[in-house]
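Coordinate analysis (summary)
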Amino acid sequence: MQQATPDAAMQDTVSITKTARIRSGLLDFGRSHPTGATGGIVLITIILLVLLADFVSPFRSDRTVARQLLPPMSEATIEEGTLWLGTDELGRDLVSRLLYGGRVSMFVGIMAPLIGVAFGTVLGIASAYFGKLFDLLVQRLVDTVLILPGIVVAMTITVAFGFTVPVVIMALAVSYSASSVRVVRSRALTLSNMQYVEAARAIGSSDARIIFRHLVPNSLPVSMVLVAVSVGAAITAEAALSFLGIGIQPPIPSWGNMLTRAQQSFHFAPHIAIAPGMAITLVVLAINLFGDSLRDVLDPRLRNVR
């Protein structure tokens, strides 16, 4: 019988230790922040449902399944069963539309802050590190962007470049990058005066190494919180753009353009607006609960508040 080598045994021990630490950390988070843990569970469940829409959705999002248009919730029946949320104005199953539309809305809501905050983190750190003229130019550029409401900037970009998913993501990312530059810059100014940064300069480390080796990793907690608390706002902004007709366009479903299509039929079929509206509300609430708890955990100043 072949025995395990010492290296393999050590790797197994390290893996078990890491797993135990992760499990312990999750349990501690759930006990100290029950509302945040609940929001995280709801959020993970919704993400899994929209990612697996091809498998859990009763029908394709563009398939007309009922001849009766706009029936009330759970009163539309077809050979395959009951349509629990009814259908839209074209006879398409609302449950299927919600799942496929959620995939688009969640993708935009996550990618826009992720791209925007990532770019803003690097630019904010560089602005704080180099200072002088570079810092002045960056801050004036940020001021220019922040003067205008984020939704106005996004509207301008989508109208100019088209109503596609990549354009909507980049349009929303612009606002998040500008706002994150300010927050990360203040953090980076403190880090730049730390002894380990001064020691790195003294031994001749390059500026790029200091930024990406020391400043960026130590600014990640701030950036992670910015992403977490911005996802809900990004989903709402995508819905607003689509609702105004300058966001993601049909036949690609999203919760925002589902609300747009519901305007004309709301007075006699309110369920086609209630379903996507409740989906947006539930996701944004879950994200805000989880994001607030994550901020409390990652911000040292707030760890002992509760």
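The shown structure was predicted, so the numbers you read here are calculated from the model rather than taken from an experiment. (Residues numbered from 1 in each chain as written. Predicted model: local features only at pLDDT ≥ 70, side-chain atom pairs only at ≥ 80, totals over all residues. Heavy atoms only, no water.)

1. A closer look at the overall build of the protein chain
- In terms of helices and strands, the protein chain carries eleven helices and two strands.
- Listing every helix and strand of the protein chain by position from the N terminus yields α-α-α-β-β-α-α-α-α-α-α-α-α.
- For the protein chain, the exposed surface amounts to about 17000 Å²; the carbon and sulfur share of it is 66%. (Helix = DSSP H or I, 4+ residues; strand = E, 2+ residues; numbered from the N terminus. Areas by Shrake-Rupley, 256 points an atom, 1.4 Å probe, with all protein chains shown as cover.)

2. What to know about the packing of helix 8 (residues 195–202) against helix 9 (residues 207–243)
- Interaxial distance between helix 8 and helix 9 falls to 11 Å at its minimum, and their mutual angle equals 175°. In terms of orientation, helix 8 lies roughly antiparallel with respect to helix 9. The residues of helix 9 that touch helix 8, namely those facing Y196, V197, A200 and R201, are I210, H214, L215 and N218.
- Classifying every residue of the contact of helix 8 with helix 9 gives five nonpolar, two polar and one charged. (Axes fitted to C-alpha atoms, helices over the stretch in contact; angles between N-to-C directions. Parallel < 35°, antiparallel > 145°, perpendicular 65-115°, else oblique. Contact = heavy atoms within 4.5 Å. Nonpolar A, V, L, I, M, F, W, Y, C, P; charged D, E, K, R; others polar.)

3. Observations concerning the packing of aromatic side chains
- Taken as a whole and judged by the stated rule, the model has two aromatic pairs.
- Taken together, a centroid distance of 6.0 Å and an interplanar angle of 80° make the contact between F130 and F134 edge-to-face.
- Residue classification places F130 among the partly exposed residues on the basis of a relative accessible area of 39%.
- Grouped by ring-pair contacts, the aromatic residues Y129, F130 and F134 constitute a single cluster. (Phe/Tyr/Trp six-rings, centres within 6.5 Å; stacked < 30°, edge-to-face > 60°. Buried < 20%, exposed > 50% of the residue type's maximum accessible area, 1.4 Å probe, protein only.)

4. Side note on the environment of T121
- Within the element layout of this structure, T121 appears in helix 4 (residues 94–130).
- Separated by 63 residues in sequence, T121 and V184 place their C-alpha atoms 5.8 Å apart.
- Setting aside anything within four residues of it in sequence, one finds T121 in contact with S180, V184 and S223.

5. Let's talk about the pattern of salt bridges
- With the rule as written, the count across this model stands at five salt bridges.
- Between E198 and R201 there is a salt bridge, with the nearest N and O atoms lying 3.1 Å from each other. With E198 and R201 both in helix 8 and three residues apart, the pair spans about one turn of that helix.
- Residue R201 is classed as partly exposed on the basis of its relative accessible area of 32%.
- A network of salt bridges, in which partner residues are shared, links R140, D143 and R182. (Salt bridge = Lys/Arg side-chain N within 4 Å of Asp/Glu carboxyl O.)

6. Overview of helix 5 (residues 132–147)
- Taking 1.5 Å per residue, 16 residues should reach 22 Å; helix 5 reaches 23 Å between its end C-alpha atoms and fits that length.
- Next to the buried residues of helix 5 lie helix 4 and helix 7 (165–192). (Expected span 1.5 Å × (residues − 1).)

7. Regarding the nonpolar core
- Formed by 36 residues in total, the largest nonpolar core has its most connected members in M106, I125, L215, W255 and V283.
- Elements supplying a minimum of two residues to this core: helix 2 (34–51), helix 4, helix 7, helix 8, helix 9, helix 10 (255–262) and helix 11 (271–298).
- With residues near it in sequence (within four places) discarded, L215 still touches I125, Y129, L191, S192, V197 and I210.
- Core analysis: the second largest hydrophobic core is formed by 18 residues, I157, V165, V167 and L172 among them. (Core = buried A, V, L, I, M, F, W, Y, C linked by side-chain atoms within 4.5 Å.)

8. Digging into unusual backbone geometry
- Phi is positive for K132, which is not a glycine, with a value near 50°.
- Within the fold, K132 resides in helix 5.
- Here K132 falls in the exposed class, since its relative accessible area comes to 77%.

9. Here's the deal with the confidence of the model for the protein chain
- Of all residues in the protein chain, 85% attain a pLDDT of 70 or more, and the chain-wide mean is 80.
- Mean pLDDT values over the elements of the protein chain span from 55, in strand 1 (residues 76–78), up to 89, in helix 4. (pLDDT = per-residue confidence, 0-100.)

10. Quick notes on the packing of helix 9 against helix 11
- Interaxial distance between helix 9 and helix 11 falls to 9 Å at its minimum, and their mutual angle equals 165°. With respect to helix 11, the element helix 9 is oriented roughly antiparallel. Between helix 9 and helix 11 the crossing geometry is left-handed. For the pair helix 9 and helix 11, contact is made by P221, M224, V225, A228, V229, V231, G232, I235, T236 and A239 and by I280, V283, V284, I287, G291, L294, R295 and L298, respectively.
- For the contact of helix 9 with helix 11, the per-class residue count stands at 14 nonpolar, three polar and one charged. (Left-handed = near helix turned anticlockwise from the far one by under 90°.)

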